[in-house]
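So you can see what is in the structure, the chains are spelled out below.
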2 protein chains.
Amino acid sequence: MFITCLDMEGPLVPEIWIEFAKARGIDELLVTTRDEPDYHKLMDYRIGILKKHNLKLKDIQETIAQMSPKEGAKEFLDELRSFSQVVVISDTFQEFATPLMKKLDYPMLFCNSLEVDKDGTITGFVMRLPGDAKLTTVKALQSLGYETVAAGDSYNDIGMIGQSKAGFLFKSTDAIIKEHPHIKAYEEYSDLLAAIKEVQGIK
Amino acid sequence: MFITCLDMEGPLVPEIWIEFAKARGIDELLVTTRDEPDYHKLMDYRIGILKKHNLKLKDIQETIAQMSPKEGAKEFLDELRSFSQVVVISDTFQEFATPLMKKLDYPMLFCNSLEVDKDGTITGFVMRLPGDAKLTTVKALQSLGYETVAAGDSYNDIGMIGQSKAGFLFKSTDAIIKEHPHIKAYEEYSDLLAAIKEVQGIK
């Protein structure tokens, strides 16, 4: 029995911080985990930028409300869920992800949460797990009697990809693909779906 | 952060074996975990009855195709999934559950699988985990940084209910409710939803 483990931002939906950076014209927020692998450092930096510009949670949520899943993501997930259990494993925050998950019919999501003060300022974040949370989550699912297949686009997906029976880079960057020549990389949902089906023995 | 853990048969959908027993008029298949807590014994017994009547997987799947979630179950799950991660944890089999999960927009399902031979005869079953699989699953979710709330109707739900921050009996029997006076019992989705919201601090 299989669980397919998918990264959220990149493979299924646009990068939330990038969309917000563009919407507000703040170039300092264009950095992602694909550029800065240390997520704590990245988040502390982002929270500092928000503070500098006096931007609150609701400002980011306004941008997210305008966002949609990537074209084809919903259809991909619909078909995937018809033959495999699916979980989305993300370093994003519940407060950001929920409206996007709604548009995908609420796949199970493992992610983190924000600390927000009374006036709506993001003051910090709570990481669900220390270390490589995606890897730890995949290991826990395996301990429950499942085999896993994983796909993601970034550095923080490499652990769960390596731990799984099979794993793929999806909609990743040239640099990351080049650094991991042993991991198959796909751009199209149809190709990723075919690869997942093959691993799971689905015709 | 919370995951709500729900039993499937009873709380969300009718008991599959009972529906099949009725559809085929086979009284010997009317026994469930609410009557026989030893699931291995129960399943071996059921497989024997199927063999005696020369009934195959596709015969049970025909009955399941006619079944629907309980009235209100879809709306309950839709609202629940808007504020909480949800997993369905069941002792049933993937081969039975998938069409019913489709009608509920595919909540994440932890369950077991069947062994079926070439001519479609059910020859055995693979339990995902030894022992109390629901309890083990809830503990693994907690190890991933979540608090859990659980609800179920039967003996095999008591472990996950006891392990969770809060747990409820839902659409259970008088006998089970009487044996577990410390567990709150509900019959209506609206009452269960209100109880889950209260635990999770949702207004």
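As a reminder, the structure under discussion sits directly above these lines.
Just so it is clear, the structure is predicted and the values come from calculations on it, not from any experiment.

Chemist: Looking at this structure, how should I read the overall build of chain A?
Modeler: Per the secondary structure count, chain A includes 9 helices and 7 strands. Taking 2.2 N^0.38 as the reference for a compact globule, 203 residues should give roughly 17 Å; the C-alpha atoms of chain A span a radius of gyration of 17 Å, in line with that estimate. Dimensions along the principal axes, computed over C-alpha positions, put chain A at roughly 50 × 35 × 30 Å. Taken across its 203 residues, chain A has 56% of its residues classed as buried. For chain A, contacts bridging at least 24 residues in sequence account for 60% of all contacts bridging at least 6. Summed over its atoms, the accessible surface of chain A is roughly 8800 Å², and 50% of this surface lies on carbon and sulfur atoms. Charge separation in chain A, taken as the distance between the mean sites of 24 positive and 32 negative side-chain charges, equals 2 Å.

Chemist: It is not clear to me how the sheet that holds strand β3 (residues 108-116) of chain A should be interpreted in this structure. Could you clarify?
Modeler: Sheets are built from strands that pair by backbone hydrogen bonding, the pairs being arranged parallel or antiparallel. Residue and element names in this part refer to chain A. Here 7 strands make up an open sheet; going across it, the order is β4-β3-β2-β1-β5-β6-β7 and the pairing mixed. Of all the strands in the sheet, the pair left with one neighbour each is β4 (122-126) and β7 (185-186). As judged from the 4 bridges shared by strand β1 (residues 2-6) and strand β2 (residues 85-93), these two strands associate in the parallel manner. Of the residues in β2, the one forming a bridge with Leu6 is Val88.

Chemist: I'm lost on the nonpolar core in this one. Help?
Modeler: One broad trend across soluble globular proteins is that nonpolar side chains are buried collectively. B:Leu12, B:Ile60, B:Phe76, B:Leu80, B:Phe96 and B:Phe168 are the most contacted members of the largest nonpolar core, which has 54 residues in total. Ignoring any residue separated from it by four or fewer positions in sequence, one finds B:Leu80 in contact with B:Thr4, B:Leu6, B:Val86, B:Leu193 and B:Ile196. By size, the runner-up hydrophobic cluster in this structure holds 53 residues, among which are A:Ile16, A:Val88, A:Leu114 and A:Ala166.

Chemist: Explain the sheet that holds strand β6 (residues 166-170) of chain B here, please?
Modeler: Residues and elements named next belong to chain B. Taken together, the 7 strands give an open sheet; going across it, the order is β4-β3-β2-β1-β5-β6-β7, and neighbouring strands pair in mixed fashion. Edge positions in the open sheet fall to β4 (122-126) and β7 (185-186), since each of these has one partner strand only. Judged from the 2 bridges that link them, β6 and β7 form a sheet pairing that is parallel. Paired with Leu169 across the strands is Ala185, a residue of β7.

Chemist: It is not clear to me how the packing of helix α1 (residues 16-24) of chain A against helix α3 (residues 57-66) of chain A should be interpreted in this structure. Could you clarify?
Modeler: Helix-helix packing: each pair is described by the crossing angle between the helix axes and the interaxial distance. Residues and elements named next belong to chain A. The geometry of α1 relative to α3 is characterised by a closest axis approach of 9 Å and an angle of 100° between their N-to-C directions. By the angle between their directions, the pair α1 and α3 is classed as roughly perpendicular. Residues Ile16, Trp17, Glu19, Phe20, Ala23 and Arg24 of α1 lie in contact with α3, whose contacting residues are Asp59, Ile60, Glu62, Thr63 and Ile64. The residue inventory of the contact of α1 with α3, partitioned by class, reads 6 nonpolar, 1 polar and 4 charged.

Chemist: Is there a simple way to explain the interface of chain B and chain A in this structure?
Modeler: Interface size is commonly expressed as the accessible surface area that is lost when the partners come together. Counting residues at the interface gives 29 residues for chain B, matched by 29 residues for chain A. For the chain B and chain A pair, buried surface summed over both sides reaches about 2300 Å², with 62% attributable to carbon and sulfur atoms. Interface area lost by chain B to chain A is led by B:Met1, B:Gln85 and B:Leu144, which between them contribute 28%. Applying the counting criterion to the chain B and chain A interface returns 10 residue pairs in polar contact (both at pLDDT 80 or more).

Chemist: Would you explain the packing of aromatic side chains in this entry?
Modeler: Given two aromatic rings, one states the distance between the centres and the angle between the planes to describe the pair. Residue and element names in this part refer to chain A. Enumeration according to the criterion identifies 16 aromatic pairs over all chains in this entry. Within the aromatic cluster, the residues linked to one another by ring pairs are Trp17, Tyr39, Phe93, Phe96 and Phe125. The side chain of Lys171 reaches across the aromatic face of Tyr189, ending 4.9 Å from its centre.

Chemist: Mind showing me how you'd approach the environment of B:Asn112 here?
Modeler: Its place among the elements puts B:Asn112 in strand β3 (residues 108-116). The sequence separation of B:Asn112 and B:Lys41 amounts to 71 residues, and the corresponding C-alpha distance is 16 Å. Residues in contact with B:Asn112, not counting those within four places in the same chain, are A:Met1, B:Ser90, B:Asp91, B:Thr92, B:Phe93, B:Gln94, B:Glu95, B:Val126, B:Met127 and B:Arg128.

Chemist: Just to check I follow, could you spell out the layout of surface pockets for this structure?
Modeler: By rolling a water-sized probe across the atoms, one finds the places where empty space is left. As a volume, the largest pocket reaches approximately 330 Å³. Lining the largest pocket are 14 residues, with A:Met1, A:Phe2, A:Phe83, A:Ile202 and B:Gln94 positioned closest to its centre. Every element with two or more residues in the lining of the largest pocket is listed here: α5 (94-103) and β3 of chain B. At 3 residues, α5(B) tops the list of elements feeding residues into the lining of the largest pocket. For the lining of the largest pocket, the per-class residue count stands at 6 nonpolar, 7 polar and 1 charged.

Chemist: Looking at this model, I keep getting lost on unusual backbone geometry. Mind explaining?
Modeler: Only a minority of non-glycine residues have a phi that is not negative, and only a minority of peptide bonds are not trans. Phi at A:Lys171 takes a positive value of approximately 50°, unusual for a residue other than glycine. Position of A:Lys171 relative to the elements: it lies in the loop between β6 (166-170) and α8 (174-179).

Chemist: Please explain the environment of B:Gly159 as it appears in this structure.
Modeler: All names here are of chain B. Along the chain, the position of Gly159 falls in helix α7 (residues 158-163). Judged by its relative accessible area of 22%, Gly159 falls in the partly exposed class. The spacing of Gly159 and Gln94 is 65 residues in sequence and 22 Å in space, taken between C-alpha atoms.

Reading the values: rules and limits
- Counting from 1, residues in each chain are numbered in the order their sequence is written.
- As a convention, the first chain written is A and the first ligand written is 1, with the rest following in written order.
- Given that this is a predicted model, residues contribute local features only at a pLDDT of at least 70 and side-chain atom pairs are listed and counted only at 80 or more, while totals for whole chains, interfaces and linings are drawn from all residues.
- Based on all heavy atoms of the structure, the side-chain values leave hydrogens and waters out of the count.
- For helices the rule is a DSSP run of H or I covering at least 4 residues; for strands it is a run of E covering at least 2, with both sets numbered from the N terminus onward.
- Radius of gyration here uses only the C-alpha atoms, and the compact-globule reference equals 2.2 Å multiplied by the residue count raised to the power 0.38.
- Using a 1.4 Å probe on the protein chains alone, a residue whose accessible area is under 20% of its type maximum counts as buried, one over 50% counts as exposed, and one in between counts as partly exposed.
- We call two residues contacting when some pair of their heavy atoms lies within 4.5 Å.
- Computed with a 1.4 Å probe, the accessible areas rest on the Shrake-Rupley method; for each residue, only the protein chains presented here act as cover.
- In this tally, Asp and Glu contribute negative charge and Lys and Arg positive charge; neither His nor the terminal groups of the chain are included.
- Where a charge sits is defined by one atom per residue type, namely NZ (Lys), CZ (Arg), CG (Asp) or CD (Glu).
- Two strands qualify as a pair provided DSSP detects at least 2 bridges between them.
- By nonpolar core is meant a set of buried Ala, Val, Leu, Ile, Met, Phe, Trp, Tyr and Cys residues that side-chain atoms within 4.5 Å join together.
- Axes here mean lines fitted to C-alpha atoms, for a helix over just the part in contact, with angles spanning 0 to 180 degrees between N-to-C directions.
- Roughly parallel covers angles under 35 degrees, roughly antiparallel covers those over 145, roughly perpendicular covers 65 to 115, and oblique covers all other angles.
- Under the scheme applied, nonpolar residues are Ala, Val, Leu, Ile, Met, Phe, Trp, Tyr, Cys and Pro; charged residues are Asp, Glu, Lys and Arg; polar residues are all the others, including Gly.
- Buried area is understood as the total, over both parts, of accessible area removed when two parts are fitted together, assessed with a 1.4 Å probe.
- Identification of polar contacts relies on pairs of N or O atoms within 3.5 Å, with a donor-acceptor requirement for protein atoms, meaning one able to donate a hydrogen and the other able to accept it, and with residues adjacent in sequence counted only if both atoms are side-chain atoms.
- Any pair of Phe, Tyr and Trp rings, taking the six-membered ring for Trp, is counted once the centres come within 6.5 Å. Such a pair is stacked with planes under 30 degrees apart, edge-to-face with planes over 60 apart, and tilted for the rest.
- Charge over a ring is defined by NZ of Lys or CZ of Arg lying within 6 Å of the ring centre and within 35 degrees of the ring normal.
- Using protein atoms alone on a 1 Å grid, points that fit a 1.4 Å probe yet trap it form a cavity, whereas open point sets bounded by protein on both sides within 12 Å along at least five of seven lines form a pocket; residues with an atom within 4 Å of a point count as lining.
- Grid points are joined across faces, edges and corners, and a volume is the space filled by probe spheres set on the points.

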